[in-house]
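Here are the chains, one letter per residue:
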Amino acid sequence: MPKSDYKTLNYSVESGIARIELDSPPLNLITEESTLEYHSALRAANDDETARVLILSGAGKGLSAGVDLKYLMQFESVDMERFLRLFYVETLKIVRDLSIPVIAEVHGYVREGACTLAFACDMIIAADDADFGYPGVPNLAGPPGMHVWFLQRLIGRMRAAELIFTGDAISAQEAYQLGLITKVVPRIRLASAVEELALKLCQMSPLALRRTRDLMYQMEDMPFKEVPEAALKALSATFDSQDGKEAKAAFIEKRKPKWTGR
């Protein structure tokens, strides 16, 4: 989909950084249209050989207030299942299959489905004005979908239960202390902090980033007895790659490496 055709987001690639900015004011609410456009932009970034890292952000006062409840009012359970299959199942599959790291640049409100988008990323840098909430139980009278999994894995069942059952929002600082996000920075420094991290990743071997990202997700649900074998195969394979040989040569010769991504 050409950049000019997007109605709910802005997409660009510059200096190795692909950017997806949710932009459907005033709340960047999630709908089927915005989800399909997000999928399209994700695929565009993945197919762009110049893109080394992807940044997800939101225009206006926050990343997103989540799924549009007025939009959901027309749904029966079969409609909701179809929409969630698109939003949850397909979105997570596309993000997990990406070959580049993804950073969420978060400020303001991050609610429900917006948390899904953020926590599906590899790293989250949040402004000190950000807060996160999962109001599925109070607002939908049901579980907050993927957050039942995300939260328990990231912070444990007890703390996850409190956030899920009450729907209470937590600040970026508390989210950081719980281990939910990567870093908290002053709002005025958010964009520069994210770009600094993105540019650092752009200096790495694209092949190494891709293989390391794949291994992280592969190991996430792997029984420990399978981990040593997977680790040695992943590391050993780097010795046959052009980037692996270049990395060692550049280190010995005390120069910057010239990556080919192969």
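Above this text is the structure in question.
## Structural notes on the packing of helix H6 (residues 147-155) against helix H7 (residues 157-166)
- Running from amino to carboxyl end, H6 crosses H7 at an angle of 140°, the nearest separation of the two axes being 7 Å. One element, H6, and the other, H7, form an angle in the oblique class. Judged by the sense of rotation from one axis to the other, the crossing of H6 with H7 is right-handed. Contact with H6, carried on its side by His 147, Val 148, Leu 151, Gln 152 and Ile 155, involves Arg 157, Arg 159, Ala 160, Leu 163 and Ile 164 of H7 and no other residues of that element.
- Residues of the contact of H6 with H7, tallied by class, amount to six nonpolar, two polar and two charged.

## Quick word on helix H10 (residues 206-220)
- Relative to the 21 Å expected for 15 residues at 1.5 Å per residue, H10 spans 21 Å between its end C-alpha atoms, a close match to the ideal helical length.
- Within the sequence span of H10, burial applies to Pro 206, Leu 207, Leu 209, Arg 213, Leu 215 and Tyr 217.
- Summarising the contacts, the buried residues of H10 are in contact with helix H3 (77-96), strand S5 (102-106), helix H9 (190-202), helix H11 (227-237) and helix H12 (242-253).
- For H10, the capping residue at the N-terminal end is Ser 205, with a side-chain oxygen 3.2 Å from the backbone nitrogen of Leu 207.

## Quick look at the packing of aromatic side chains
- By the definition in use, this model includes 10 aromatic pairs.
- Plain terms: the ring middles of Phe 83 and Phe 87 are 6.2 Å apart, the flat faces sit at 5° to each other, and that makes the pair stacked. Remark: Phe 87 and Phe 83 occur in helix H3; sequence separation between them is four residues, near one turn of the helix. Of the two residues, Phe 83 and Phe 87, both sit in the buried class.
- When the ring of Phe 119 is compared with that of Phe 150, the centres are 6.4 Å apart and the planes differ by 45°; the resulting orientation is tilted. With Phe 119 in helix H4 (residues 113-119) and Phe 150 in helix H6, this residue pair connects regions lying 31 residues apart in the sequence. Grouping residues by exposure puts Phe 119 and Phe 150 together as buried.
- Connected via pairs of aromatic rings, a cluster forms that spans Tyr 71, Phe 75, Phe 83, Phe 87 and Tyr 88.

## Re the packing of H10 against H11
- Between H10 and H11, the shortest axis-to-axis distance is 11 Å and the interhelical angle comes to 175°. What the angle tells us is that H10 and H11 run roughly antiparallel. Residue-level inspection shows Arg 211, Leu 215, Gln 218 and Met 219 of H10 in contact with H11, the latter providing Val 227, Ala 230, Ala 231, Ala 234 and Ala 237.
- Residue classes in the contact of H10 with H11 are distributed as seven nonpolar, one polar and one charged.

## A look at the pattern of salt bridges
- Enumeration over the complete set of coordinates arrives at 13 salt bridges.
- Between Glu 195 and Arg 19 there is a salt bridge, and its shortest N-O distance comes to 3.8 Å. Placement of Glu 195 in helix H9 and of Arg 19 in strand S2 (residues 17-22) is noted, with a sequence separation of 176 residues between them.
- A salt bridge links Glu 81 to Arg 85, with the shortest nitrogen-to-oxygen separation between them at 3.0 Å. On the criterion of helical spacing, the pair formed by Glu 81 and Arg 85 is a turn pair, its members being four residues apart in helix H3.
- Of the residues examined, Arg 85 reaches a relative accessible area of 49% and is grouped as partly exposed.
- Connected through salt bridges with shared partners, the residues Arg 159, Glu 162 and Glu 174 form a single ionic network.

Cut-off values and rules
Residues numbered from 1 in each chain as written. Predicted model: local features only at pLDDT ≥ 70, side-chain atom pairs only at ≥ 80, totals over all residues. Heavy atoms only, no water. Axes fitted to C-alpha atoms, helices over the stretch in contact; angles between N-to-C directions. Helix = DSSP H or I, 4+ residues; strand = E, 2+ residues; numbered from the N terminus. Parallel < 35°, antiparallel > 145°, perpendicular 65-115°, else oblique. Left-handed = near helix turned anticlockwise from the far one by under 90°. Contact = heavy atoms within 4.5 Å. Nonpolar A, V, L, I, M, F, W, Y, C, P; charged D, E, K, R; others polar. Expected span 1.5 Å × (residues − 1). Buried < 20%, exposed > 50% of the residue type's maximum accessible area, 1.4 Å probe, protein only. Polar contact = N/O pair within 3.5 Å; in protein donor to acceptor, adjacent residues only side chain to side chain. Phe/Tyr/Trp six-rings, centres within 6.5 Å; stacked < 30°, edge-to-face > 60°. Salt bridge = Lys/Arg side-chain N within 4 Å of Asp/Glu carboxyl O.

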